[in-house]
Amino acid sequence: MSVKDRDPLTGHQTTGHEWNGITELNTRVPRVVWFFIIVTHLWALAVWVLLPAWPLVTTSTKGILGLDQREEVAKKVVAANSDRAVWGERIKSLSADEILGDPELFARVSDTGPQLFADNCAGCHGAQATGGLGFPNLIDGAWLWGGDTDTVMETLRVGINAPHPDTRWAQMPAFGRDGLLPRNDIRMVVDYVQSLSGVKSPADTIAAGAEIFATNCTSCHGNDGTGNPDAGAPDLSDGFWIYGGDDEAMFRTIWGGRQGWMPAWEDRLTETERKIITVYLQHVRQDTVK
C-alpha cells in the first residue's frame, strides 16, 4: 500500500502500515496543539530572559527583572524575627493572666503554642496534652510539682531526673523488689490508697493498710495522702493516676517503684518559648474545666 493512498472515509493519507485489516492514518497534529506548543516555548523564553533561570559555575543568570526569591524570603524572615522579638519580649515580661487578657498576645500564644507543644511535648504527653500510661495529663489540674506559671516554667527549664544540674529529683522506692514490704502488706496498702479516692474495700483491710501507709508512705505523700508538690509526690486522693489506679497497676507501682523522667528544655527552648507553652497549657486547662 502506498503512503499516498487515502482513507475513503476521512480523506486522510495513510502511513502504509496495516495490521489485521486496520490501516494507520497519517493524521496531522491539530493546530490547537501547535498553538500551545508555540505559546509555552515563547513563555519559557520570556522567563529565561526576565527571571533567574540558568545555573552557572558559582552563581546563576539574574534576569532582566533582577528578582531573587532567596532575597525575598530572607527579607521576610528578618521582618518576622523582628516582629517576633517585639511581642516575645512582651510575653517574657508579663504574667500569664496579663497575656491571656491581651488579645494581641493571646493570639500569638494561640498560634505559636500548639506548634511548640507539638514539636517538643506531644511525643510523650499526646497531641491534646492528655498524657498516657506513664506520662502525666497536663490539663487535668493534677500537677506533681505545681501548676502555676513559675513552677511549670521551672520544671520545663530543669526537667525531672534529668542531667541538668538543677533538675527536680523524685523517685519512689521499690517496696516489694527491695524487700521493704511483703506482698500481702502491699495489697493492703493498695486497698487503702484506693479508698482515698472513693473505691470501696473491706474496713479491716483499709485499717491495716492505713497503718502500713503511715509507717512507709506519709513522709512523701503526707498523712492524708494528698501529696507533696515540693517533692514531686502525687496526690493519692484525687483519682488521677499516671501509671493506672487498678489493683494490678498499683501493685506493680508499689512493688517495683517508679522514677519518671522529663528532659530539661533550657538548652533547646528559649525562656519566651517555654512561657508560651506554659500559658498555652493553662489556657487549654481552663477551657477543659469549663
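About the criteria used
Residues numbered from 1 in each chain as written. Predicted model: local features only at pLDDT ≥ 70, side-chain atom pairs only at ≥ 80, totals over all residues. Heavy atoms only, no water. Helix = DSSP H or I, 4+ residues; strand = E, 2+ residues; numbered from the N terminus. Rg over C-alpha atoms; globule rule 2.2 N^0.38 Å. Buried < 20%, exposed > 50% of the residue type's maximum accessible area, 1.4 Å probe, protein only. Areas by Shrake-Rupley, 256 points an atom, 1.4 Å probe, with all protein chains shown as cover. Lys, Arg positive; Asp, Glu negative; His and termini not counted. Charge placed at Lys NZ, Arg CZ, Asp CG, Glu CD. Axes fitted to C-alpha atoms, helices over the stretch in contact; angles between N-to-C directions. Parallel < 35°, antiparallel > 145°, perpendicular 65-115°, else oblique. Left-handed = near helix turned anticlockwise from the far one by under 90°. Contact = heavy atoms within 4.5 Å. Nonpolar A, V, L, I, M, F, W, Y, C, P; charged D, E, K, R; others polar. Pairing = 2+ DSSP bridges. Expected span 1.5 Å × (residues − 1). Salt bridge = Lys/Arg side-chain N within 4 Å of Asp/Glu carboxyl O. Core = buried A, V, L, I, M, F, W, Y, C linked by side-chain atoms within 4.5 Å.

**Considerations on the overall build of the chain**
Here comes step 1: The secondary structure content of the chain amounts to 11 helices and two strands.
Here comes step 2: Reading the chain from its N terminus to its C terminus gives the helix and strand order β-β-α-α-α-α-α-α-α-α-α-α-α.
Here comes step 3: At 35 Å, the chain has a C-alpha radius of gyration far larger than the 19 Å of a compact globule built from 290 residues.
Here comes step 4: Dimensions of the chain, computed from the C-alpha atoms along their principal axes, are close to 110 × 60 × 40 Å.
Here comes step 5: Considering the chain as a whole, with its 290 residues, one finds that 29% of them fall into the buried category.
Here comes step 6: As displayed, the chain offers around 18,400 Å² of accessible surface, 57% of which is attributable to carbon and sulfur atoms.
Here comes step 7: For the chain, the separation between the mean place of its 25 positive charges and that of its 37 negative charges on side chains is 10 Å.

**A look at the packing of helix H7 (residues 183-196) against helix H10 (residues 247-256)**
Here comes step 1: Put simply, H7 and H10 touch, their axes get as near as 9 Å, and they point 120° apart. On the basis of their axis angle, the class for H7 and H10 is oblique. Crossing of H7 over H10 shows right-handed handedness. Between H7, through Arg-183, Ile-186, Arg-187, Val-189, Val-190, Val-193 and Gln-194, and H10, the contact on the second element is made entirely by Asp-247, Met-250, Phe-251, Ile-254 and Trp-255.
Here comes step 2: Looking at the contact of H7 with H10 residue by residue, the class counts come to eight nonpolar, one polar and three charged.

**Quick notes on the pairing of strand S1 (residues 14-19)**
Here comes step 1: Here S1 pairs with strand S2 (residues 22-25) via three bridges, running antiparallel. The residue bridging Glu-18 from the neighbouring strand is Thr-23, located in S2.
Here comes step 2: Here S1 folds back onto S2 in antiparallel fashion, the turn holding two residues, of which Asn-20 has a positive phi close to 55°.

**What about helix H2 (residues 69-93)?**
Here comes step 1: The terminal C-alpha atoms of H2 lie 36 Å apart, and with 25 residues this matches the ideal 36 Å at 1.5 Å per residue to within 8%.
Here comes step 2: Within the sequence span of H2, burial applies to Trp-87, Gly-88 and Ile-91.

**Regarding the pattern of salt bridges**
Here comes step 1: In this structure the tally under the stated criterion is eight salt bridges.
Here comes step 2: Of the charged contacts, one joins Glu-271 and Lys-92 as a salt bridge, the two residues approaching to 3.8 Å between their closest N and O atoms. One end of the pair, Glu-271, is in helix H11 (residues 271-289); the other, Lys-92, is in helix H2, and 179 residues separate them in sequence.
Here comes step 3: In this structure, Glu-154 engages Arg-157 in a salt bridge whose closest nitrogen and oxygen atoms are separated by 3.0 Å. Of this pair, Glu-154 and Arg-157 are both found in helix H6 (residues 149-158), three residues apart, which corresponds to roughly one turn of the helix.

**Here's the deal with unusual backbone geometry**
Here comes step 1: With a phi angle near 55°, Asn-20 is a residue other than glycine that sits in the positive phi range.
Here comes step 2: By secondary structure assignment, the location of Asn-20 is in the loop between S1 and S2.

**So, the packing of H7 against helix H8 (residues 203-216)**
Here comes step 1: Close contact between H7 and H8 brings their axes to 7 Å; oriented N to C, the two are set at 100°. Considering their axes alone, H7 and H8 lie roughly perpendicular with respect to each other. Across from Asp-185, Met-188, Val-189, Asp-191, Tyr-192, Val-193 and Ser-195 in H7, the residues of H8 making contact are Thr-205, Ile-206, Ala-208, Gly-209, Ala-210, Ile-212 and Phe-213.

**Describing the nonpolar core**
Across soluble globular proteins, you tend to see nonpolar side chains buried next to one another.
Here comes step 1: Within the largest apolar cluster, 25 residues are counted, with the highest numbers of intra-cluster contacts made by Ile-91, Val-109, Phe-117, Ile-277 and Leu-281.
Here comes step 2: The element contributing the most residues to this core is H11, with five residues.
Here comes step 3: Residues within four places of Ile-91 in sequence aside, it is in contact with Ile-99, Leu-105, Val-109, Thr-272, Lys-275 and Ile-276.
Here comes step 4: Of all hydrophobic cores here, the second largest spans 15 residues; its members include Val-193, Ile-212, Leu-236 and Met-250.

**Here we look at H7**
Here comes step 1: Between its first and last C-alpha atoms H7 spans 20 Å; for 14 residues at 1.5 Å apiece the expected length is 20 Å, and the two agree.
Here comes step 2: Within the sequence span of H7, burial applies to Ile-186, Met-188, Val-189, Val-190, Asp-191, Tyr-192, Val-193 and Gln-194.
Here comes step 3: Taken together, the buried residues of H7 touch H8 and H10.
Here comes step 4: Positive phi shows up at Gly-198, right after H7, with a value of about 100°.

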